[in-house]
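Reading the structure
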Amino acid sequence: MRKKHQNNYQMLISKFSRLPRIHQILITIISAVTVLLILLPGAEEMEKPEQKFEIGKLYPLDIKIDGPQLQANGVTPPLLPPPLSWTEHVIKPGESLALVFDKVGLSPATLYRLINADEGTKSLITLRPGDKLRFGLDDKKDLIQLIQPINATETLYITRKGDTFHSRTEVKKVDTQLNFAQAVITSSFWNAAADAGLTPNQIMEIAGIFGWDIDFALDIREGDTFSVLFEERYVEGEPIGRGNILAATFSNLGQTFTAVRNSSDGKYYDPDGRAMQKAFLRSPVNFRYVSSNFNPRRLHPVTGQVKAHRGTDYVAPVGTPIWSAGDGVVMKSGYNQFNGNYVFIRHSSTYVTKYLHLSKRLVKTGQRVKQGQTIGKLGSSGRVTGAHLHYEFLVNGVHKNPRTVSLPQSDSLKGKDKAAFKQQASERLAQLTQLRQLLATNRNASLIPSRS
């Protein structure tokens, strides 16, 4: 049989050798192509090229590693890094970052590499008392990660990679909701607002919003009311603080003032787009209480004689900041035996304000000042019976009651800005009214006696 195959093979070779040269070449090429087609992979295999993994790149695992099962099958599970040990430190007054690192047991070299790693790590230089740092150390007591909560929404993460560090800041999403408060004043505006749940900052902000129309030292009366619509901010369901006051009303001495925040410029306007801000403040001092109102027939507290009291006295602790009621230029900053330390400010050819009995003057004659700028400190210099600010307001050289004088108004909204704001104001005031009615309904329901 084998000999037969050999004979057949020799016959094929003999026939092939007798073929023309060109035929021999063609047969050889066809045979080679046939062999290649047989050996090459099919189309389906060509669509799945060989996977090549890049060095240093992380690839997700499609299988769940089960340690006990792998050991049962004779496979050693992969080794996981040991957990970090964490140490928290609160920065104390006068404490440097170098001292903190030394207390935690970290070397100056580690501190140097961390601080100079990138812009995020350099921010640690400006730490303040009360700031918290969390140090994550490995089993060799080397720093692997440092975490600093920056505020309620931001956290700085610094992670070691090789011999250097890299930082990233994680920002949590802040959810904003509407909140509402209202109150009737029985003793003071401050107490009523605090009892309604408003923060000190919100109380001062409300006084600032209406401070051009209401003198909170003189005009507040029992029975006055106010309501406020404001933002409440949350992170992961937890309250982190208050946002902007969106709308507010204040009823005082039979008149109701309404203010709405304009989202485009952050300023407050009445519902018709007129600016709440005026050219002058009603009260130039953060008052505690008032000893004397405007009174043309007042008895002088020192001489006992009838002498016109052409201004208002604000009693407050010595050193209380005194503000300029408006923009202007200091006409005179001086001292005499009657006025004590005093400052006169010209705001235009029409308006002049005067501030007497200061303990300290903080501006000089000819100096330009801005509304709300601190120009001095309250005191008892000159002819006085106690520490207070004597404040005068003059229009064309004539003394006017600063409580009731008509004040020039700042620019108001116009055109498209006014139309857009009025739409916004309508929505805000509707929300304010709805919440006020809801609160009233809940209160009335709570007054209805339950049936047993």
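This report concerns the structure included in the present document.

**Things to note about the pattern of salt bridges**
On inspection of all chains with the given rule, the structure shows eight salt bridges. One salt bridge in this structure joins Arg-242 and Glu-232, with 2.9 Å as the shortest N-O distance. You can see Arg-242 sitting in strand E8 (residues 238-252) and its partner Glu-232 sitting in strand E7 (residues 225-235), a full 10 residues away along the chain. Exposure remark for Glu-232: the relative accessible area of 9% places this residue in the buried category. If you follow the salt bridges from partner to partner, you end up with Asp-270, Asp-272 and Arg-274 in one network.

**Some thoughts on the side chain of Asp-213**
Locating Asp-213 in the fold gives a position in the loop between helix H9 (200-209) and E7. Within the structure, the side chain of Asp-213 is placed 3.0 Å from the side chain of Lys-278, a separation counted as a polar contact.

**Focus on the environment of Arg-346**
Within the fold, Arg-346 resides in strand E15 (residues 340-346). Judged by its relative accessible area of 37%, Arg-346 falls in the partly exposed class. Sequence spacing of Arg-346 and Asp-327 is 19 residues, and the spatial spacing of their C-alpha atoms is 8.6 Å. With residues near it in sequence (within four places) discarded, Arg-346 still touches Gly-328, Val-329, Met-331, Tyr-351 and Val-352. A distance of 3.4 Å separates the side chain of Arg-346 from the backbone oxygen of Ser-348, its partner in a polar contact.

**Looking at the side chain of His-89**
Turning to its location among the elements, His-89 is positioned in strand E1 (residues 85-90). With sequence-adjacent residues up to four places away left out, His-89 is seen in contact with Glu-95, Val-100, Lys-103, Asp-131, Lys-132, Leu-133 and Phe-135.

**Looking at the pairing of strand E12 (residues 312-315)**
Here E12 shows a buried face lined by Thr-312 and Tyr-314 and a second buried face lined by Asp-313 and Val-315. Pairing of E12 with strand E19 (residues 389-395), which is carried by three bridges, proceeds in the antiparallel orientation. Residue Asp-313 lies in a different strand from E19, and its bridge partner there is His-390.

**Let's talk about H9**
By the burial criterion, the buried members of H9 are Gln-202, Ile-203, Ile-206, Ala-207 and Ile-209. The arc enclosing the buried residues of H9, seen along the axis, measures out at 160°, which places them on a common side. Of the exposed residues in H9, the ones pointing more than 90 degrees away from its buried face are Pro-200 and Asn-201. On its buried face, H9 is in contact with helix H8 (189-195), E7, E8, strand E9 (255-261) and strand E10 (268-269).

**Re the sheet that holds E7**
Within the open sheet, the five strands sit side by side as E6-E7-E8-E9-E10. Their pairing is antiparallel. Bordering the open sheet on either side are strand E6 (175-184) and E10, each of which pairs with just one other strand. Across two bridges, the pairing between E9 and E10 is antiparallel. Bridge pairing in E10 links Arg-261 to Tyr-268. Sheet strands in contact with H9 are E7, E8, E9 and E10, and its direction is about 35° off that of E8.

**Observations concerning the nonpolar core**
Phe-189, Leu-198, Phe-210, Phe-226 and Phe-250 are the most contacted members of the largest nonpolar core, which totals 25 residues. Breaking this core down by element, the ones donating at least two residues are E6, H8, H9, E7, E8 and E9. Among the elements that make up this core, the one with the highest residue count is H9 (four residues). Membership of the second largest hydrophobic core comes to 24 residues, among which are Phe-280, Ala-316, Val-363 and Ile-375.

**What to know about the packing of aromatic side chains**
A complete count under the given rule lists 13 aromatic pairs for this structure. Geometrically, the ring pair formed by Phe-189 and Phe-226 is edge-to-face, given 5.3 Å between the ring centres and 75° between the ring planes. You can see Phe-189 sitting in helix H8 and its partner Phe-226 sitting in strand E7, a full 37 residues away along the chain. According to the relative accessible area criterion, Phe-189 is buried, its value standing at 8%. Judged by its relative accessible area of 3%, Phe-226 falls in the buried class. Three or more aromatic residues link up through ring pairs in this structure, and these residues are Phe-189, Phe-210, Phe-216, Phe-226 and Phe-250.

What counts and what doesn't
- Residues numbered from 1 in each chain as written.
- Predicted model: local features only at pLDDT ≥ 70, side-chain atom pairs only at ≥ 80, totals over all residues.
- Heavy atoms only, no water.
- Salt bridge = Lys/Arg side-chain N within 4 Å of Asp/Glu carboxyl O.
- Helix = DSSP H or I, 4+ residues; strand = E, 2+ residues; numbered from the N terminus.
- Buried < 20%, exposed > 50% of the residue type's maximum accessible area, 1.4 Å probe, protein only.
- Polar contact = N/O pair within 3.5 Å; in protein donor to acceptor, adjacent residues only side chain to side chain.
- Contact = heavy atoms within 4.5 Å.
- Pairing = 2+ DSSP bridges.
- Arc of directions from axis to C-beta.
- Axes fitted to C-alpha atoms, helices over the stretch in contact; angles between N-to-C directions.
- Core = buried A, V, L, I, M, F, W, Y, C linked by side-chain atoms within 4.5 Å.
- Phe/Tyr/Trp six-rings, centres within 6.5 Å; stacked < 30°, edge-to-face > 60°.

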